[in-house]
Amino acid sequence: MDKILKELTIKVWRQNGPKDKGHFETYKVHNISQGSSFLEMLDILNEQLIQEGIDPVAVEKGCKSSGPISFDHDCREGICGACSLYIDGRAHGPDDEVTTCQLHMRKFNEGDTITIEPWRSSGFPVIKDLVVDRGAFDKILQAGGYVSVNTGGVPDANAIAIPKPDADESMDAAACIGCGACVATCKNGSAMLFVAARVSSLALLPQGKVEAARRAKAMVAKMDELGFGACTNTRACEMECPKHITVNHIARLNREFLKAKFQD
Amino acid sequence: MADKLISKIPEGPLAEKWTNHKAHIKVVSPGNKRKMEVIVIGTGLGGASAAASLGELGYNVKVFCISDSPRRAHSIAAQGGINAAKNYQNDNDSIYRLFYDTIKGGDYRSREANVYRLAEVSNNIIDQCVAQGVPFAREYGGLLANRSFGGAQVSRTFYARGQTGQQLLLGAYAALNRQIAAGTVKSYPRYEMLDLVLIKGEAKGIIARNLCTGKIERFGAHAVVLATGGYGNTYFLSTNAMNSNGSAAMQAYRKGAYFANPCFAQIHPTCIPVHGEQQSKLTLMSESLRNDGRIWVPKKLEDVAKLRKGEIKPSMIAEEDRDYYLERRYPAFGNLVPRDVASRAAKERCDKGFGVNETGLAVFLDFRTAIERLGEDVIRARYGNLFQMYEKITNVNPYKEPMMIFPAIHYTMGGLWVDYNLQTTIPGLYAIGEANFSDHGGNRLGASALMQGLADGYFVLPYTIGDYLAGKFKEPKTDINAPEFEEAEKAVKDRLNKILSIKGKRSVDNIHKELGHIMWEYVGMARNEEGLKKAIQLIKDLKKEFWSNVYVAGDPNTFNQEVEKATRLADFLEIGELMAYDALNRRESCGGHFREEMQTEEGETKRDDANYMYVAAWEYKGDGVEPELHKEPLNYENIQVVTRNYKD
Ligand SMILES: Cc1cc2nc3c(=O)[nH]c(=O)nc-3n(C[C@H](O)[C@H](O)[C@H](O)COP(=O)(O)OP(=O)(O)OC[C@H]3O[C@@H](n4cnc5c(N)ncnc54)[C@H](O)[C@@H]3O)c2cc1C
Ligand code: SF4
Ligand code: FES
């Protein structure tokens, strides 16, 4: 049976819009089952903040709020990449290899104070509260994160054999969910791990090899243009990536990038 | 038959229908395509593949989605795999067999011609995805690997670890990105369609809300494609993503599009059981697990009691004291019976008191036999991420103790009625993917939704939409200042303002949870006449409650998820009612729709082919008015309609 956490203190970043300066607000939540997910805890807090709007008197004193807290989420299974919180100083919180939506309250103890912030990076401006704009990731992929084939007129799927280890490694890289934790964690705000995951996944397959060098160059150029920082190999990104994308992919990206330079 | 329900099924032998049809429908010249605009709503497998393919053909496409990036559509969460009739395993698979399994799995409530076409193009999908760089699982020889799914005796499911939907969607999203870069497609993330605009009875555009600013905007086109997914979240708790909703389909329905078979909802047998009142959604454990997992409950009630008290662990129960009830009841298919059959069998055991977990609402899915046979490493390679997900949620290690699972709402077979061209009853309005009703009848087989979404988007719609657009190239661009847009925008704003002005006492989620309880109780796994009548009344009352007592917090002119949830809930209430009407009308059991009055002595579904072998297409008749039923009869010319049998 899961334990019930009687009281937690939640310190959350509130920001009413992109132009608002933003500030922290502090709330209390009660009777949270350790079997609940972190986002379910936030649901409960939001329900409480809504009740406060309905009936301001009935609410515990000292809680001032700006209505329910906005945060991105969708699948709640760790696959869509929508959820994106910085919890107690770590992207996706204190558990390893999980996204925020897969984080469970078992990781917290009675009486804890939990601090929640949005991704903070110049590449990801805040839209509201904990919601940020990650549109830059789409733009980077539009610069070359694809194989240039049209629908129809392609060969039989089994026409090219692909060594299993290559396919597996390609899949390792393709597991990236585009959450942005790597950027949020990097002191330079670099998107290198995200870019490398896509470049590497395609470069490992014969279909993707054809355009590999050009792709690497175009995507890195776009990343720079959009204001993401440079990679200085701190490897912090790898530590916080919920999908275990490794910096080996950055090495492969660099090789493709160099090839592109030679071809210039 | 109502004159609007013309299915346009082509003449000729089944295997030649699609080829003949393609040869006869009109095409639009490249020069004219450049002058035409198409709106696609949704970027799941259906929407992303359609938008990319239409862009490649030269149309000007605008594509919308709710999430912050097209890549996050709900399709991303599909785990298990995608079917195709490649016969790479040499196990005697064929287009006909995939067609046959799909019709049979759907309990003879889908159209032969549509399903045959689906099976036919399934092979092209795999070719296409491989060409895009989708890293499907491979054997050591370098060729593609397959696994089995429920309702099939061949191995025809292609997969990418436990992340097949993700990889297929990233493929379609990449194709979409390529078109966005090329300028043929313009992407509108964080936009929600709030109404469809008709001009002279034809679909010409949409009204949408910019979810970041709250601004209501107008968009015009020559045709509109809805790829907005299913409405499983009517039940509040389901395996669908939190933002999945049925609103776009409801908007179309209110504007005259018929809604087909709304009561056909799929309940998936292998989901993680509910942990308590704080639960926000349910997590699926992929059907692929049934390849190697065996489902059981204890044979003895005293073991059940001890388990519930935590006195023993499931692994301590001896082999002879376990009831592998699927293997017992369905020896030919065993643990791989279709989903509806597996779900009802679990309910039957739990109703009899053999359910495990504190709630008594769970059964075991056990990998012990497979681990003994294959070793833990093989199982880890096959399902590692699913096992990890399970452990993170439940704190139980499934390599050591069996998983606990229970059925949950997962997919909706019903949807907007479409003809063979995937056009709804509104000219110029198309519906693809889970949003339409077309291919799965009363029950969808595993790994067939991904197939259908990509079939529709890559290989069907790009052809069939040309037949409509060919007659339109002389028409000028749609004028978004036309009075029809004016009116639609005003109606959207009025509705929003009305919801916001209620300022009642109940939160949106609170009312949604109540709807969920009503649906699960009376329109869930087992339904009967009395319960359905009661559900209709309860939903009507709840609708009144919503429109008089909901409280929508926050500022509507900023990013505001409460506003989003509120407009979607208003539509879920309508869908719930429509589902109950349809379930009440269909006095037979078939596929996922189980009417208690209609069952065999062994508790299996009993169809009534004489009276219900039709598609139920519902027409909106106004707010609070009972909808009107239209029937599209189903004709089976190539398949003998028999009772589904998974026993021998
Ligand atoms: C957990 C899970 C696992 C599954 N596993 C499998 C599997 O292994 N194999 C299989 O074949 N099937 C599987 N399915 C089913 C399958 O994933 C879905 O049926 C399919 O992906 C639906 O695709 P779609 O393109 O129709 O819609 P979706 O992927 O649901 O996309 C809907 C899109 O519409 C957008 N949208 C909706 N409303 C609006 C609006 N009003 N305005 C703007 N945009 C809107 C959304 O933002 C989204 O982009 C699974 C389903 C679930 C829930
Ligand atoms: S590389 Fe990892 S952290 Fe970065 S976006 Fe991808 S999944 Fe997220
Ligand atoms: S909500 Fe989808 S990854 Fe967290």
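About the cut-offs
Residues numbered from 1 in each chain as written. Chains lettered and ligands numbered in written order. Predicted model: local features only at pLDDT ≥ 70, side-chain atom pairs only at ≥ 80, totals over all residues. Heavy atoms only, no water. Bend = angle between axes of the 7 residues up to and from the residue. Helix = DSSP H or I, 4+ residues; strand = E, 2+ residues; numbered from the N terminus. Buried < 20%, exposed > 50% of the residue type's maximum accessible area, 1.4 Å probe, protein only. Salt bridge = Lys/Arg side-chain N within 4 Å of Asp/Glu carboxyl O. Contact = heavy atoms within 4.5 Å. Buried area = accessible area lost by both parts, 1.4 Å probe. Nonpolar A, V, L, I, M, F, W, Y, C, P; charged D, E, K, R; others polar. Pairing = 2+ DSSP bridges. Axes fitted to C-alpha atoms, helices over the stretch in contact; angles between N-to-C directions. Near = heavy atom within 4 Å. Parallel < 35°, antiparallel > 145°, perpendicular 65-115°, else oblique. Left-handed = near helix turned anticlockwise from the far one by under 90°. Polar contact = N/O pair within 3.5 Å; in protein donor to acceptor, adjacent residues only side chain to side chain. Areas by Shrake-Rupley, 256 points an atom, 1.4 Å probe, with all protein chains shown as cover.

Chemist: Help me understand helix α13 (residues 449-469) of chain B, please; the structure alone is not making it clear to me.
Modeler: Residues that lie three or four places apart on an α-helix share one face, since the helix turns once every 3.6 residues. Taking the largest bend as the criterion, α13(B) deviates by roughly 55 degrees, centred on B:Val460, and proline B:Pro462 comes between one and four positions later. With respect to burial, α13(B) is a largely interior element, 19 of its 21 residues being buried.

Chemist: Please explain the pattern of salt bridges as it appears in this structure.
Modeler: A side chain of one charge can pair with a side chain of the opposite charge when the charged atoms of the two come close. Taken as a whole, this structure holds 79 salt bridges over all chains when the rule is applied. Ionic pairing is found between A:Glu169 and A:Arg252, a salt bridge with its closest N-O pair at 3.1 Å. With a gap of 83 residues between them, A:Glu169 in helix α3 (residues 164-174) and A:Arg252 in helix α9 (residues 248-263) connect regions that are remote in the sequence. Residue class for A:Arg252 comes out buried when judged on its relative accessible area of 14%. Put simply, B:Asp107, B:Arg109, B:Arg586, B:Glu588, B:Arg607 and B:Asp609 are held in one network by salt bridges that share partners.

Chemist: So what exactly am I meant to see when it comes to the interface of chain B and chain A here?
Modeler: When the parts come together, some accessible area is lost, and that loss is often what is quoted as the size of the interface. If you look at the interface, chain B gives 76 residues, while chain A gives 76 residues. Of the roughly 6,400 Å² buried between chain B and chain A, counting both surfaces, carbon and sulfur atoms make up 49%. Seen at the junction of chain B and chain A, the total is six salt bridges. Those elements that provide at least two residues to the side of chain B that touches chain A are α3 (45-57), α5 (112-132), α6 (164-182), α12 (376-394), α13, β18 (506-507), α15 (508-522) and α17 (561-585) of chain B. Looking at the side of chain B that touches chain A, the element that brings in the most residues is α6(B), giving nine residues. Class assignment of the residues belonging to the side of chain B that touches chain A gives a composition of 30 nonpolar, 28 polar and 18 charged.

Chemist: Would you take a moment to explain the sheet that holds strand β2 (residues 23-33) of chain A for this structure?
Modeler: Think of a sheet as strands paired side by side through backbone hydrogen bonds, with each pair either parallel or antiparallel. All names here are of chain A. An order of β2-β1-β5-β3-β4 is seen for the five strands of this open sheet, with the pairing classed as mixed. This sheet does not close on itself; its edge strands, each paired only once, are β2 and β4 (90-91). Pairing analysis gives two bridges linking strand β3 (residues 86-87) to β4, with the strands arranged antiparallel. Counted as the bridge partner of Ile-87 is Arg-90 from β4. Of the strands in this sheet, β1 (4-14), β2, β3 and β5 (113-117) are in contact with helix α1 (residues 38-54), which crosses β2 at around 110 degrees.

Chemist: I tried to follow the site of ligand 2 on my own but got confused; where do I start?
Modeler: All names here are of chain A. The local shell around ligand 2 holds 13 residues, among which Cys-176, Cys-179, Gly-180, Cys-182 and Cys-241 are the closest. For the shell around ligand 2, the elements supplying multiple residues, two or more each, are α4 (181-185) and α5 (192-203). Tallied by class, residues from the shell around ligand 2 come to eleven nonpolar, two polar and no charged.

Chemist: Can you help me understand the sheet that holds strand β21 (residues 628-633) of chain B in this one?
Modeler: All names here are of chain B. An order of β16-β10-β20-β21 is seen for the four strands of this open sheet, with the pairing classed as antiparallel. Each of the sheet's edge strands pairs with one partner strand only, and the pair in question is β16 (415-416) and β21. Pairing between strand β10 (residues 259-260) and β16: two bridges, direction antiparallel. Within the sheet, the bridge partner assigned to Ala-260 lies in β16 and is Gly-415. The strands touched by α17 are β10, β20 (614-619) and β21; relative to β20, the strand with the most contacts, the crossing angle is about 140 degrees.

Chemist: Help me out: how do you make sense of the packing of α15(B) against α17(B) in this one?
Modeler: The description of two helices packed together rests on the angle between their axes and the distance between the axes. Residues and elements named next belong to chain B. Their axes nearest at 10 Å, the elements α15 and α17 cross at an angle of 20 degrees. Compared by their axis directions, α15 and α17 come out roughly parallel. Of the two elements, α15 crosses α17, and the hand of that crossing is left-handed. Contacts between α15 and α17 involve Val-508, Asp-509, Ile-511, His-512, Leu-515 and Met-519 from the former and Glu-562, Lys-565, Ala-566, Leu-569, Phe-572, Leu-573, Gly-576 and Met-579 from the latter. Split by residue class, the contact of α15 with α17 holds nine nonpolar, two polar and three charged.

Chemist: Looking at this model, I keep getting lost on the site of ligand 1. Mind explaining?
Modeler: All names here are of chain B. Inspection of the region around ligand 1 gives 36 residues, with Ser-75, Gly-80, Met-193, Glu-434 and Leu-450 positioned closest. In the model, an oxygen atom of ligand 1 is placed 2.8 Å from a nitrogen or oxygen of the Leu-450 main chain. Relative to its free-state accessible area of 1,000 Å², ligand 1 is covered by the protein chains to the extent of 96%. Every element with two or more residues in the shell around ligand 1 is listed here: α3, β6 (191-199), β15 (403-412) and α13. Here the shell around ligand 1 gets three residues from one element, more than from any other, and that element is β6. In the shell around ligand 1, the residues fall into 16 nonpolar, 17 polar and three charged.

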